[in-house]
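Residues per chain are reported as follows:
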Amino acid sequence: MDVNEKIKHIEQQIENAVNEVESSKSLFEVKMRFLGKTGEISELLKSMREVPPEERPTLGKVLNALRQKAEERFDAFEKKLKQLELKKKYAEEKIDVTIPGSCTPDGAYHPNTLIRNELVSIFAGMGFEIFEGPEIENDYYNFTALNTPKDHPARDMQDTFYLAEDLLLRTQTSAGQIRVMENKKPPIKILSPGKVYRSDDDATHSPMFSQMEGLVVDRGITLCDLKGMLDEFAKKIFGANVKTRLRPSYFPFTEPSVEVDVSCFECGGNGCRLCKGTGWIEVLGAGMVNRRVLEGCGIDPDEYTGFAFGMGIERIAMLKYGINNMKLLFEGDTRFLKQFKD
């Protein structure tokens, strides 16, 4: 086959190949087949070294014309192909604005969020400020400064998630109270909400849960002030007829310490399954701030006194909304969550 026949053959091949192209990707492959470094036209140009010198100018002119013609053909078809692809894309993305719209169902606040917002609102109305401490704490703030000795059971590995010898995931938001008392002089009135972590997992416990603690330090603060504040809290959360009672307990950072119960809001204190027949439900722990804790923060315990309290937000949510399994609060099941829509 002479050069002219080869040229005609290549031109016909290009035309046939272009007519079969359906996408930009396949067009690029066809273009490389003829114009790439090892393409058919490129190979013809390389073969000029075998042609006698006197014939090279004429042959070169013919082959360059072929190359230019092929490039123009590919460029023109590529432009046309892009227009077709764009038109197809527009057709696929076309929106019929006359079609009736579909409504996206409204979401609902998580029970924890509802309770947290309600608690913040209640205590903010009593003059409390919000303080959120770090979730990764050191041993001093989480234990030592809260009057927890080295041999206290709360330090054991089955209760606490240690990250290093002196670093841990906080087991209580009380650590934030120490940070506040170290940096602020009384009067102090703060609420400290946040996530805490303990190695515990069953129907009523989770390794991670939400806690909210409060601290009041000022001159003349007594246990009666704590009782009066908790009475107000209980009435606003569980109902106007709910009463509170304090039972002696022990916490290393309060003295005296108390467990706080509310009269059963389900049976009115007569005894039922929720209160296990006692008429009372335990809701939180509290007490007067230990003198050693105040001294460690640079506050004179002979001049100032204070009280502290702490509650699990999940526990309050479970009691108020009748949730019998704590794990429901962590599963993100929309069938469960939509029950709390206002």
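These lines cover the structure that appears in this document, whether it is placed above or below. (Residues numbered from 1 in each chain as written. Predicted model: local features only at pLDDT ≥ 70, side-chain atom pairs only at ≥ 80, totals over all residues. Heavy atoms only, no water.)

**A look at the pattern of salt bridges**
- Tallied over the entire structure, the rule returns 17 salt bridges.
- Between arginine 179 and glutamate 137 there is a salt bridge whose closest N-O contact spans 2.9 Å. Remark: glutamate 137 occurs in strand 2 (residues 136-138) and arginine 179 occurs in helix 7 (residues 174-183); sequence separation between them is 42 residues.
- Exposure remark for glutamate 137: the relative accessible area of 1% places this residue in the buried category.
- The salt bridge partner of arginine 245 is aspartate 261, with a shortest N-O separation of 2.9 Å. Here arginine 245 is found in strand 6 (residues 244-251), whereas its partner aspartate 261 is found in strand 7 (residues 254-263), with 16 residues between them in sequence.
- Residue class for aspartate 261 comes out buried when judged on its relative accessible area of 2%.
- Residues joined by salt bridges that share partners form a network here, namely Arg245, Arg247, Asp261 and Glu282. (Salt bridge = Lys/Arg side-chain N within 4 Å of Asp/Glu carboxyl O. Helix = DSSP H or I, 4+ residues; strand = E, 2+ residues; numbered from the N terminus. Buried < 20%, exposed > 50% of the residue type's maximum accessible area, 1.4 Å probe, protein only.)

**Topic: the pairing of strand 9 (residues 305-312)**
- When you tally the buried positions in strand 9, you get seven out of eight residues, the bulk of the element.
- Pairing geometry for strand 5 (residues 208-218) and strand 9, over eight bridges, is antiparallel. The partner of aspartate 218 across the bridge, within strand 9, is threonine 305.
- Looking at chain direction, strand 8 (residues 280-289) and strand 9 are connected through four bridges and run antiparallel. Pairing of alanine 286 across the sheet is with phenylalanine 309, part of strand 9. (Pairing = 2+ DSSP bridges.)

**A short note on the environment of glycine 279**
- Here glycine 279 shows up in the loop between strand 7 and strand 8.
- Accessibility expressed as a relative area gives 2% for glycine 279, which makes it buried.
- For glycine 279, the contacting residues outside a window of four places in its chain are Val262, Ser263, Cys264, Gly269 and Gly271. (Contact = heavy atoms within 4.5 Å.)

**Topic: the sheet that holds strand 5**
- A sheet is described by the order of its strands in space; here seven strands give the open sequence 1-4-5-9-8-7-6, paired in mixed fashion. On the outer flanks of this sheet lie strand 1 (129-130) and strand 6, each paired with one strand and no other.
- As judged from the two bridges shared by strand 1 and strand 4 (residues 188-197), these two strands associate in the parallel manner. The residue bridging glutamate 129 from the neighbouring strand is isoleucine 190, located in strand 4.
- Along the sheet, helix 5 (residues 111-124) makes contact with strand 1, strand 4, strand 5 and strand 9, crossing strand 4 at roughly 165°.
- Across the sheet, helix 7 touches strand 4, strand 5 and strand 9, and the angle it forms with strand 5 is around 35°. (Axes fitted to C-alpha atoms, helices over the stretch in contact; angles between N-to-C directions.)

**As for the pairing of strand 6**
- For strand 6 and strand 7, the ladder comprises seven bridges, and the chain directions are antiparallel. Counted as the bridge partner of threonine 244 is valine 262 from strand 7.
- Where strand 6 folds back on strand 7, the antiparallel hairpin that results is connected by two residues.

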